[in-house]
Amino acid sequence: MRTRYRAYCYASGEIHIGTTTPTGAVELATGPHRALTEEVDVLARHGYRGERFVPGVPETFSLAEKRDAVARFVDWVRGGSRAAIWRTGEQVRADIDALQEIEA
């Protein structure tokens, strides 16, 4: 059985890939490690130290703006993805809202 990897991000917009989605992070997509990494590397915004970010998130201040930027990103990527399974913007919005309720 092949391991399914997950692309996930934190409130900062930084994207990581691993076998599980940590508490406090939002899952963006699942797929084979190589394919998922290639898609994220091509489509994400890159930081000075090689970090990968959801475009638009580092520039925002409110959680609502961050949530909307992540939702737009996954909806945009979903349209052209072939190897990974990306969640919908609505699914991501719901997850972020649920995380906000837990933290409140």
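Structure's up top.
Residues numbered from 1 in each chain as written. Predicted model: local features only at pLDDT ≥ 70, side-chain atom pairs only at ≥ 80, totals over all residues. Heavy atoms only, no water.

*Asks:* For the sheet that holds strand β2 (residues 14–18), give the residues involved together with the corresponding values.
*Replies:* On the basis of which strands lie adjacent, the open sheet formed by 6 strands has the order β4-β5-β2-β1-β3-β6 and antiparallel pairing. Both outer strands of the open sheet, β4 (45–46) and β6 (85–86), are each paired with one neighbouring strand and no more. Inspection of the sheet shows β4 paired to strand β5 (residues 52–53) by 2 bridges, in the antiparallel sense. Residue pairing in the sheet places Arg45 in a bridge with Phe53 of β5. (Pairing = 2+ DSSP bridges. Helix = DSSP H or I, 4+ residues; strand = E, 2+ residues; numbered from the N terminus.)

*Asks:* Tell me about the pairing of strand β3 (residues 26–31), and name the residues and values.
*Replies:* Taken across its 6 residues, β3 has 5 buried, putting it largely inside the fold. Relative to β3, strand β1 (residues 5–9) is paired through 5 bridges, and the arrangement is antiparallel. Its bridge partner being in β3, Tyr8 is matched across the sheet by Glu27. (Buried < 20%, exposed > 50% of the residue type's maximum accessible area, 1.4 Å probe, protein only.)

*Asks:* Explain the side chain of Lys66 to me, using residue names and the numbers behind them.
*Replies:* Inspection of the secondary structure assignment puts Lys66 in helix α2 (residues 63–78). An unpaired buried charge is present at Lys66: no salt bridge exists, and Glu65, the closest side chain of opposite charge, is 7.4 Å distant. (Lys, Arg positive; Asp, Glu negative; His and termini not counted. Salt bridge = Lys/Arg side-chain N within 4 Å of Asp/Glu carboxyl O.)

*Asks:* Just give me the short version of the pairing of β1, but keep the residues and values in it.
*Replies:* As paired strands, β1 and β2 are joined by 4 bridges and run antiparallel to one another. The residue of β2 that forms the bridge with Ala7 is Ile17. Here β1 folds back onto β2, and the loop between the two strands holds 4 residues, one of which, Gly13, carries a positive phi near 90 degrees.

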